[in-house]
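A look at the structure
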Amino acid sequence: MEPTPGGTALDRTLAALRDPYRFIGRAVRRHGSPVVATRLLLAPAVCVTGPAAAAEFQDDTHFTRHRAVPPRVVRTLFGKGGVQGLDGAEHRHRKALFVDLMGADRVAELAALVDRELVRAARSWPVGEPVVLYDAFRAVLTRAVCAWAGVPLPTVDAERRTRELTALFDGAGAVGPRHWRARLARRAADRWAADVVRRVRAGRITPPEDTAAHAAAWHRAPDGALLPPHTAGVELLNVLRPTVAVAVYLAFAAHALHHHPRCARAVGDEAAADGGNGTGGYTELFAQEVRRHYPFFPAVAARARFDLLFQGHPVKRGRRVLLDLYGINHDPRRWGDPEEFRPERFAEAGWDLYGFVPQGAGDPSTGHRCPGEPITVALIAAVARRLVRMRYEVPEQDDTVDMARLPALPRSGCVIRPLGPPP
Ligand code: HEM
Ligand code: MYR
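Attention here is on the structure that accompanies the text. Computed from a prediction, not measured in an experiment: that's the story for all the values here. (Residues numbered from 1 in each chain as written. Chains lettered and ligands numbered in written order. Predicted model: local features only at pLDDT ≥ 70, side-chain atom pairs only at ≥ 80, totals over all residues. Heavy atoms only, no water.)

This next bit is on the overall build of the protein. Within the protein, the secondary structure is distributed over 16 helices and twelve strands. Here the C-alpha radius of gyration of the protein, 21 Å, is about what a compact globule of 423 residues would show, namely 22 Å. Taken along its principal axes, the extent of the C-alpha atoms in the protein is 65 × 55 × 40 Å. Here the protein, with 423 residues, has 55% of them falling under the buried criterion. When contacts within the protein are restricted to residue pairs at least 6 apart in sequence, those whose partners lie at least 24 apart make up 73%. Carbon together with sulfur atoms contributes 55% to the accessible area of the protein, which is approximately 18300 Å² in total. (Helix = DSSP H or I, 4+ residues; strand = E, 2+ residues; numbered from the N terminus. Rg over C-alpha atoms; globule rule 2.2 N^0.38 Å. Buried < 20%, exposed > 50% of the residue type's maximum accessible area, 1.4 Å probe, protein only. Contact = heavy atoms within 4.5 Å. Areas by Shrake-Rupley, 256 points an atom, 1.4 Å probe, with all protein chains shown as cover.)

The next subject is the sheet that holds strand β8 (residues 320–324). Spatially, five strands are ordered β1-β2-β8-β5-β3 in an open sheet, and the strand pairing comes out mixed. Two strands lie at the open edges of the sheet, namely β1 (35–40) and β3 (63–64), each paired on one side alone. Inspection of the sheet shows β3 paired to strand β5 (residues 299–304) by two bridges, in the antiparallel sense. If you follow T64 over to β5, its bridge partner there is R303. Seen against the sheet, helix α2 (residues 23–31) touches β1, β2 (43–48), β5 and β8 and runs at an angle of roughly 130 degrees to β1. (Pairing = 2+ DSSP bridges. Axes fitted to C-alpha atoms, helices over the stretch in contact; angles between N-to-C directions.)

Here we take up the packing of helix α7 (residues 133–149) against helix α8 (residues 155–170). Two quantities define a packed helix pair, namely the angle between the helix axes and the distance between the axes. For the pair α7 and α8, the least separation of the axes is 9 Å and the interaxial angle reads 110 degrees. With respect to α8, the axis of α7 lies roughly perpendicular. Together, Y134, R138, A139, T142 and R143 of α7 and A158, R161, T162, L165, T166, F169 and D170 of α8 make up the contact between the two elements. For the contact of α7 with α8, the residue count by class is five nonpolar, three polar and four charged. (Parallel < 35°, antiparallel > 145°, perpendicular 65-115°, else oblique. Nonpolar A, V, L, I, M, F, W, Y, C, P; charged D, E, K, R; others polar.)

Moving on to the packing of helix α11 (residues 229–259) against helix α16 (residues 373–389). Relative to each other, α11 and α16 sit at 45 degrees, their axes nearing to 9 Å. Taken as axis vectors, α11 and α16 run oblique relative to one another. Between α11 and α16 lies a crossing whose hand is right-handed. Here α11 contributes T243, V246, Y249, L250, A253, A254 and L257 to the contact with α16, which in turn contributes T376, L379, I380, V383, A384, L387 and V388. Here the contact of α11 with α16 is composed, by residue class, of twelve nonpolar, two polar and no charged. (Left-handed = near helix turned anticlockwise from the far one by under 90°.)

Among the 27 residues in the neighbourhood of ligand 1, the closest are listed as R65, H91, K95, H368 and C370. Between an oxygen atom of ligand 1 and a side-chain N or O atom of H91, the distance comes to 2.6 Å. Between a nitrogen atom of ligand 1 and a side-chain N or O atom of Q359, the distance comes to 3.4 Å. Every element with two or more residues in the shell around ligand 1 is listed here: α5 (88–99), α11 and α16. The leading source of residues in the shell around ligand 1 is α11, at seven residues. Tallied by class, residues from the shell around ligand 1 come to 15 nonpolar, ten polar and two charged. (Near = heavy atom within 4 Å. Polar contact = N/O pair within 3.5 Å; in protein donor to acceptor, adjacent residues only side chain to side chain.)

Moving on, we come to the pairing of β2. As judged from the six bridges shared by β1 and β2, these two strands associate in the antiparallel manner. Its bridge partner being in β2, T38 is matched across the sheet by A45. Taken together, β1 and the strand that follows it, β2, pair antiparallel across an intervening segment of two residues, in which L41 is found at a positive phi of about 50 degrees. Both β2 and β8 contribute to a ladder of four bridges, which runs parallel. Each bridged residue has a counterpart across the sheet, and for C47 the counterpart in β8 is L322.

Compared with the 16 Å implied by 1.5 Å per residue over twelve residues, the 16 Å span of α5 between its first and last C-alpha is a close match. On its buried side, α5 packs onto α10 (212–218) and α11. (Expected span 1.5 Å × (residues − 1).)

Before going further, it helps to spend a moment on the site of ligand 2. Looking at ligand 2, the residues that line it are L77, F169, R241, P242, A245, F296, F297 and A299. R241 is positioned with one of its side-chain polar atoms (N or O) 2.7 Å from an oxygen atom of ligand 2. Protein contacts shield 87% of the accessible area of ligand 2, which totals 490 Å² for the unbound molecule. Examining the composition of the shell around ligand 2, we find that three residues originate from one element, α11, more than from any other. Residues of the shell around ligand 2, tallied by class, amount to seven nonpolar, no polar and one charged.

On the surface, L14, L17 and V175 cluster together into a nonpolar patch covering about 300 Å² of accessible area. Tracing the chain through its elements places L14 in helix α1 (residues 13–18). (Patch = residues over 30% accessible without salt bridge, like charges linked within 9 Å, V, L, I, M, F, W, Y side chains within 5 Å. Salt bridge = Lys/Arg side-chain N within 4 Å of Asp/Glu carboxyl O.)

If you want it as C-alpha cells, here you go:
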C-alpha cells in the first residue's frame, strides 16, 4: 500500500473551474501518480486517470453512483431519480430502456431527420448574412430529436424548448446566472416531460413503440410498476437533452473541417462517392477524432463503497472519486501526438473501451458508459458530410476553444456566411 499523494487541506474548486479539462491531468503529472488526493466543493476527493484506473472505477461492487454527482449537477443536467444515480441490477434494468433505442435503423433515421432539418434551416439563411452554427445546430437537433422521440413540438414552442434543453447542459457546470437559468430550465423541462408521459399513458398521444416517449412512459421497474411520471420524464429528457448537446460536437466538427482542409477534402470525396448517405469510412474516423480531440465532458464521479485500495492507494469509504475522461483521451502513452487532429489514428490503432472514453468508460450495457455514442457518431458524420457539400465562407472570427468554459466551445460558436442554398 502506498500513501495517496496530494492533499486535502486546501480547497481546489477555483483551480478546477479555471481549467476543468486539464485540472486532473495537471495534478497527476505534478505528483507523478495516477491517483491524487484533493479537496473540491469543500469535500475531500480523489482524482484518477489512465485506462487501468478507468477499468477499476467501473467496478460497481467497489463504487456507487448514489449521491456521487454534486447536487448542483443533479438539479440541472441529470434531474432527480434518473439512471445516472442507480447501481447494480436496478441500474442494468433501467439502462436497457436506452440501449434498446439505439438500433442501427433508428440511429440512421435520426441522422436523416437531422440532415433534413439542417437543409431546411439552411434554405432560410439569407446569402451573405452571418450564421452562428452552434445556435443553428441546437435548433435543428431539438426539432429532429423531438420528432424522433415521439414528443410533440408545436412550432410556437420550438424556440423555448431549444433554450431549455440547452440550458440543462450549458449551465450545469457554470457559476452565477448561467447556472441559475439551468435550474429554472430543469423545473420547466421536468414539468413538460412528465406531462408528455401522462399524455402518453392517457392515450392522448400515441408515439410508436420504438420511440423514447413510448419507452419512457411504459417502462416498468423490476417489480412491474410504471415509473412515477416525474422519473419517466427525467429519462425522456435523458434522450432529448444529450442529443441537443451533440451541437457542441457539431460546432467542433465545423471547426475541424475549417482548420484541417485535408480532412474536409477526404470527407467531401467520400460524400461525393456515396451521395452523402454512407456510413463507416473516413467520415466516421473523423467523427471519432472529433470526440477524442475536443473537450466536452471533463470527468465522471463515483463514491467508494468502503475503505479500499485503488491502484494500490488507500481510498476512504464514501470518498468521491473523479475519473479524468479528457486526460485519458489525451494520454501521450496511448495517443501519439495527442494534441494533433488526425482521424487516421483510429484506422491505424483502433481503440478500446477504457482508453477511448469521451462519453464514459467501459461497456455501455452493463456500466454507466453513455448509451448515446452510436447517435453521437452518426450525427457528427451526417452533419460533416452535409457541411462539406454546402457553399459558405468563414469570416474572420475568434474561434479559439474556450477551455475554461463548461462545456468548452469555440468562442465565436463557429460563424459562416452562406454563398448559396444547400444542395
Ligand atoms: C451517460 C457524455 C450524448 C444518453 C453519459 C456519460 C457521459 C456522457 C460522460 C456518463 C458516463 C458515466 O457515468 O460513466 C455524452 C456526451 C454526449 C452524449 C459528451 C454528446 C453530446 C448522448 C446521447 C444520448 C445520451 C445522444 C441519448 C440519446 C446518456 C444516458 C446516460 C449517459 C442515458 C446515463 C447512462 C448511465 O448512467 O448508465 N453520457 N453523452 N448521451 N448518456 Fe451521454
Ligand atoms: C448530457 O447532456 O448528458 C451530455 C452532455 C453534457 C455535457 C455537460 C458538460 C459539463 C457538466 C459538468 C459536470 C461534471 C460532473 C462531475
